[in-house]
Amino acid sequence: MRLAINLPNLLLAGVLIVLFPMFTSGQKSVDNYLGLQGQARFDSLEVRQALIRDTADSVTVFADIKQIKDYALKTKDPLFAIFADYLKGAYYLNGKQKKRKNLYEYFLNVQSDFKKLPVGPLTEMFRANLENLLGITAYYERDNTGRIINHFLSADLIYRKIGYEHVLFAGNKLSNLGQYYYDRANDYDISLRYLREAEKYIDKDPIDVQRVLFYRTLAKCLVEKKQYAEAIRYNKLGIAQVRLKKDSVRIGALSGNIGEIFLNHLPNPQQAEPYFLKELQIRSQYSPDGADDIAKVYGNLCLIEGLKNNREKVHLYYTKALNELKVYENSKTPYVVNHALKVIYKNRMVADTLLGDYKSAFHHVRLYNQVIAELNKQELKLVTNEASARYEAENFKLQAELANTQARNSRFWILFISLILLVVVVGAYFAYNYQRLKRNKLAQQLSFEMKEAERLSELDTLKTRFFANISHEFRTPLTLLSGPLSDFSKKYPHEQMFGVMQRNLSRLQNLINQMLDLSKLEAGKMKPQLQQGDLAAFIKHLQASFESLAQSKHIGLIYDKKHYLHIAYFDADKLEKIVTNLLSNAFKFTPEGGIIQVKVRYTDTDFTITVQDSGIGIEQERLPFIFDRFYQVEDRTALKSYTRNYEGTGIGLALVKELVEVLKGKIQVESQVAIGTTFTVTIPTDKTTWEEFITEDPLVMSSHETEKVKHEPLTVISENTPINAIENPTDKEQPILLIIEDNDDLRAYIRSHFELTYQIIEAIDGQDGYEKALASIPDLVICDLMMPRLDGFSFCKLIKSDIRTNHIPVIMLTARAAMEDRLEGLELGADDYLAKPFNTEELQIRVRNLIGIRQSLQQKYSQTIIQPSAPAEDTALSIDEQFLQKLYVIIDRNLQNPDFNTNQFADEVNMTAGQLRRKLKAITNQNIIEFIRHYRLQKAANLLQNKSLNVSDVAYEVGFENLSYFSKIFFEEFGKYPSEWND
């Protein structure tokens, strides 16, 4: 057999050397190769077909194949006729005009015809080639049975008997096996072994595309083996090879592979980005082909933008990635879509974590886990089929060896060996089947759970490490802030703003300390530090520290104030954090007038503390998640708007639970919506439990300390302080400025910059602000966006749709500085939009500018009367002008009525007299009487101009009964008496 093959292949090598330029130039027809003999004729024709396959259309290719078929019929060569059918299927598989539907069945029919031929040297090579092509076809069809590997191993067995050095495209055929074990079996060691073997032959293959695909597969396998420099080198070899052929699509794919190495493994996002952009530029030219690959590129760019902290581009690339996958909505390729979604969701959840958007990150963690679960099911099925296929391949191999033995030995030995092989095969089958069932069961139970736990742990570690690093970086600037601030507060003890700054700085430090505690817990570096002391006194101190907060918020704090002595072993620092976090959480969610009750029970071995509040409660479906890091309970209505009823970070309860676990305790929670929530913590305090952690120095509390609260009382600005008590109504000519802000400190800070030049009215939320705006008709409103009850957008919409207040300028303050938020605010009528943190000088300038604009309009409207217009022309008038025109119509109806007064006027426009006065003052800088008188005098001037009436008639016509008074005010208005008006 080997000798029979060698001679034709030596002939083929010489033919290829001579004819290869002819193949590429396309100058020779099929006739030039039909005259060759043996394997050389088959190989030369297959090389010709492979070279023209990517560029020639089906008409040209099939004309050649028809010529081959006619020659086979003419020479009565059945193998050559089947070879023509083989070439036709190969074109449908990899040619320019692919047609892969039902192609596997087509090749099975070719194989069926082939099996009818007698065995010979040429048929063995053709049988191997046919098995290889069947494997490739099944691979493209994403067959989940064992057929793919069965065909590949069957071909490999024959090729090895012949010798790969005699096989056409040997490198490509070994590369197919490597590709299968990489992509389907995920066995990177076996894959690399086949690919390294293929590397010996790949340079001899005359098809450039096959070398490119080999370099790409080898590079991906090297990435899995963590040989990143080698992987980059082979990708660049592939790019160099592709550029020779000007195949831009493959340049894009290889560029993307390099980008993924730099992004995910080195990591170097700056170096990765140009490769992704190059890939995107190239692939987009061929969309929607390869839409899943384009989606992955967008997913990688999404992660890079997250590293750059660019929230808008993260959302943009994420949206584009999902849009690309819409082409697969009705397709039967869930495996392709799930692989793309795995990359997209993973990159989005990491980007959201880097941006601090933990709700979105948690959402994409769940989506990512769903995709992983689906892929695991598919991969598990694939592994099962692969195992079955390996068994069938080994069985086939044994049968082949048996057939060779039968040809060399007697019937006795044949029977003996057959019986031995039968016993081995049956035993191996049952042993393998038992192991397979056992392995599959374990895989289903453990593999998925381990992967899920590993991925979630990786994400949790990433978040904790990130915040730990940020927290540490904050410590130096916080120190530089707290020191000078303390000095200034001592130097200027009467300056209240220093207290506000110190309070917020202290809050920031507490949040940072909590994040550092989470980091230590994650790293396992936080250990209990037990001391012996009076636990009852310690707990009493912690409870007493919240009394001032309870009084300021008008919440009843109930706890046992009697003095007990209970000596126990406890960690003071961790216990303080647990109790203060639970009490702070209770105060946060308990409304004014509510009750918080603390109960403590002591035993010889442990103590139990129960914190019960009458707050808003927690829905049952959310209770399992409240101890998760960064999880926050929000109202369902708040999730659909910008309303945020409660501040917080989602760290406190997570820290409490982990501290309780460090102290070998347990925590339970019970809650009912609108009734309240109860937290119960039990922690051991006996010496036996903590013997190895007890420090030498006991925690001793003096009698003086027992009467002193350990912590400084919480200082707050009471929300119940009457707003009127802090307003500045001293100068009635000053413009009125309404400040709407739910944060007491920020509201006071804004007030401090305007209180000398404006009358200040304060509101604690949008609803309160709207009510005060209606009552006082301010000259300008400064409004926050995210507030309880009524957010800034809703407030602005109400103000601008109400005729009593639609003239009031509104400046919106918000931390949401995205363009869509700005546009939404401006569309709803906001006159200006300022992002937090803002510069106070800029805010003052914008306020002055808007007040100045209103004063310019006042001057305009006080000197000009807006004449009534047709309804179609009303749209050309401003809102103020339409309002003034309406007032003029009302005055016209009552022009001759000398008793027409301010109350009647206000009733006509559905306002109070005070509201109408404030609105007219804001628009025209005139009060109601001045406005009516001005209009009447203008009408009188017009009547006198026409000379149709005398002075006394004009006076009565416009509502003046006293002629001398009319003449006096007419002179004050125009500088002339009525009798002189026409002179």
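Residues numbered from 1 in each chain as written. Predicted model: local features only at pLDDT ≥ 70, side-chain atom pairs only at ≥ 80, totals over all residues. Heavy atoms only, no water.

As recorded in an unreviewed UniProt entry, the chain goes by the name histidine kinase, listed as coming from Emticicia soli. The Catalytic activity (unreviewed entry) field of the UniProt record for the chain holds the comment "ATP + protein L-histidine = ADP + protein N-phospho-L-histidine." (UniProt positions renumbered as here; feature names shortened; annotations may be inferred.)

Draft legend 1. Region of interest: the overall build of the chain. Along the chain, the regular secondary structure elements total 38 helices and 12 strands. When the 983 residues of the chain are sorted by exposure, 47% land in the buried category. In the chain, the proportion of contacts linking residues at least 24 apart, taken out of those at least 6 apart, comes to 67%. (Helix = DSSP H or I, 4+ residues; strand = E, 2+ residues; numbered from the N terminus. Buried < 20%, exposed > 50% of the residue type's maximum accessible area, 1.4 Å probe, protein only. Contact = heavy atoms within 4.5 Å.)

Draft legend 2. View of the sheet that holds strand β9 (residues 759-763). On the basis of which strands lie adjacent, the open sheet formed by five strands has the order β9-β8-β10-β11-β12 and parallel pairing. Only two strands of the sheet have a single neighbouring strand rather than two, namely β9 and β12 (832-835). Within this sheet the neighbouring strands show an average axis-to-axis angle of 20 degrees, counted without direction. Relative to β12, strand β11 (residues 810-814) runs parallel, the two sharing four bridges. What sits directly across from Met812, in β12, is Tyr833. Against the sheet, helix α29 (residues 766-776) contacts β8 (736-740) and β9, and its axis sits at roughly 145 degrees relative to β9. (Pairing = 2+ DSSP bridges. Axes fitted to C-alpha atoms, helices over the stretch in contact; angles between N-to-C directions.)

Draft legend 3. Molecular detail of the side chain of Asn235. Examined against the element boundaries, Asn235 turns out to sit in helix α12 (residues 228-245). Every residue in contact with Asn235, bar those within four places of it in the chain, is listed here: Arg216, Ala219, Leu254, Asn257, Ile258 and Ile261.

Draft legend 4. Here's a closer look at the pairing of strand β5 (residues 606-613). Counting buried positions along β5 yields seven of eight residues, so the element is predominantly enclosed. Remark: three residues form the turn of the hairpin made by strand β4 (residues 595-602) and β5, two consecutive strands paired antiparallel. Two elements, β5 and strand β7 (residues 676-684), share seven bridges in a ladder whose sense is antiparallel. Looking at the pairing, Asp606 lines up with Pro684 of β7.

Draft legend 5. Structural context of a nonpolar patch on the surface. Side chains of Leu422, Val426, Tyr429 and Phe430 sit close together on the surface and give an oily, nonpolar patch of about 390 Å² of accessible area. Structurally, Tyr429 is set in helix α19 (residues 411-491). Taking relative accessible area as the criterion, Tyr429 reaches 35% and is therefore assigned partly exposed. (Patch = residues over 30% accessible without salt bridge, like charges linked within 9 Å, V, L, I, M, F, W, Y side chains within 5 Å. Areas by Shrake-Rupley, 256 points an atom, 1.4 Å probe, with all protein chains shown as cover. Salt bridge = Lys/Arg side-chain N within 4 Å of Asp/Glu carboxyl O.)

Draft legend 6. Quick peek at unusual backbone geometry. Of note in this structure, Asn186 is not a glycine but carries a positive phi near 55 degrees. The topology assignment puts Asn186 in the loop between α9 (170-183) and α10 (188-202).

Draft legend 7. Main features of empty space enclosed by the protein. Here the structure, examined in full by the defined rule, presents four cavities of 30 Å³ or more. Of the volumes computed, that of the largest cavity is approximately 60 Å³. Looking at the largest cavity, the residues that line it are Gln39, Phe42, Asp43, Glu46, Phe83, Leu122, Met125, Phe126 and Asn129. Of all elements in the fold, only α3 (38-52) and α7 (121-140) reach the threshold of two or more residues within the lining of the largest cavity. A per-class count over the lining of the largest cavity returns five nonpolar, two polar and two charged. (1 Å grid on protein atoms, 1.4 Å probe; cavity = no way out; pocket = protein on both sides within 12 Å on 5 of 7 lines; lining within 4 Å. Points joined across faces, edges and corners; volume = space filled by probe spheres on them. Nonpolar A, V, L, I, M, F, W, Y, C, P; charged D, E, K, R; others polar.)

Draft legend 8. Representation of the pattern of salt bridges within the structure. Applying the stated criterion across every chain, the model contains 29 salt bridges. Salt-bridge contacts for Asp831 lead to Lys800; the nearest nitrogen and oxygen are separated by 3.2 Å. In this pair, Asp831 is assigned in the loop between α31 (819-827) and β12 and Lys800 in helix α30 (residues 792-801), connecting sequence segments 31 residues apart. Linked by salt bridges that have partners in common, Asp744, Arg747, Arg751, Glu755 and Glu762 make up one network.

Draft legend 9. How the structure looks around the packing of aromatic side chains. Under the definition given, this model contains 27 aromatic pairs. On the numbers, 5.2 Å between centres and 50 degrees between planes, the contact of Phe114 with Phe126 is tilted. With a gap of 12 residues between them, Phe114 in helix α6 (residues 103-114) and Phe126 in helix α7 connect regions that are remote in the sequence. On the numbers, 5.3 Å between centres and 45 degrees between planes, the contact of Phe538 with Phe570 is tilted. Highlighted residues: Phe538 in helix α21 (residues 535-544) and Phe570 in strand β3 (residues 567-570), separated in sequence by 32 residues. Exposure remark for Phe538: the relative accessible area of 1% places this residue in the buried category. Overall, Phe570 belongs to the buried group, its relative accessible area being 4%. An aromatic cluster is defined as three or more aromatic residues linked by ring pairs; in this entry it consists of Phe42, Tyr71, Phe80, Phe83, Tyr86, Phe114 and Phe126. The aromatic ring of Tyr140 is capped on one face by Arg100, whose charged end is 3.9 Å from the ring centroid. (Phe/Tyr/Trp six-rings, centres within 6.5 Å; stacked < 30°, edge-to-face > 60°. Lys NZ or Arg CZ within 6 Å of the ring centre and 35° of its normal.)

Draft legend 10. Broad picture of the sheet that holds β7. Read from one edge of the open sheet, five strands run β2-β4-β5-β7-β6, paired in mixed fashion. The open sheet has two edge strands, β2 (556-558) and β6 (666-672), and neither has a second partner. When the angles between neighbouring strand axes are averaged without regard to direction, this sheet yields 10 degrees. The strands touched by α21 are β2, β4 and β5; relative to β4, the strand with the most contacts, the crossing angle is about 170 degrees.

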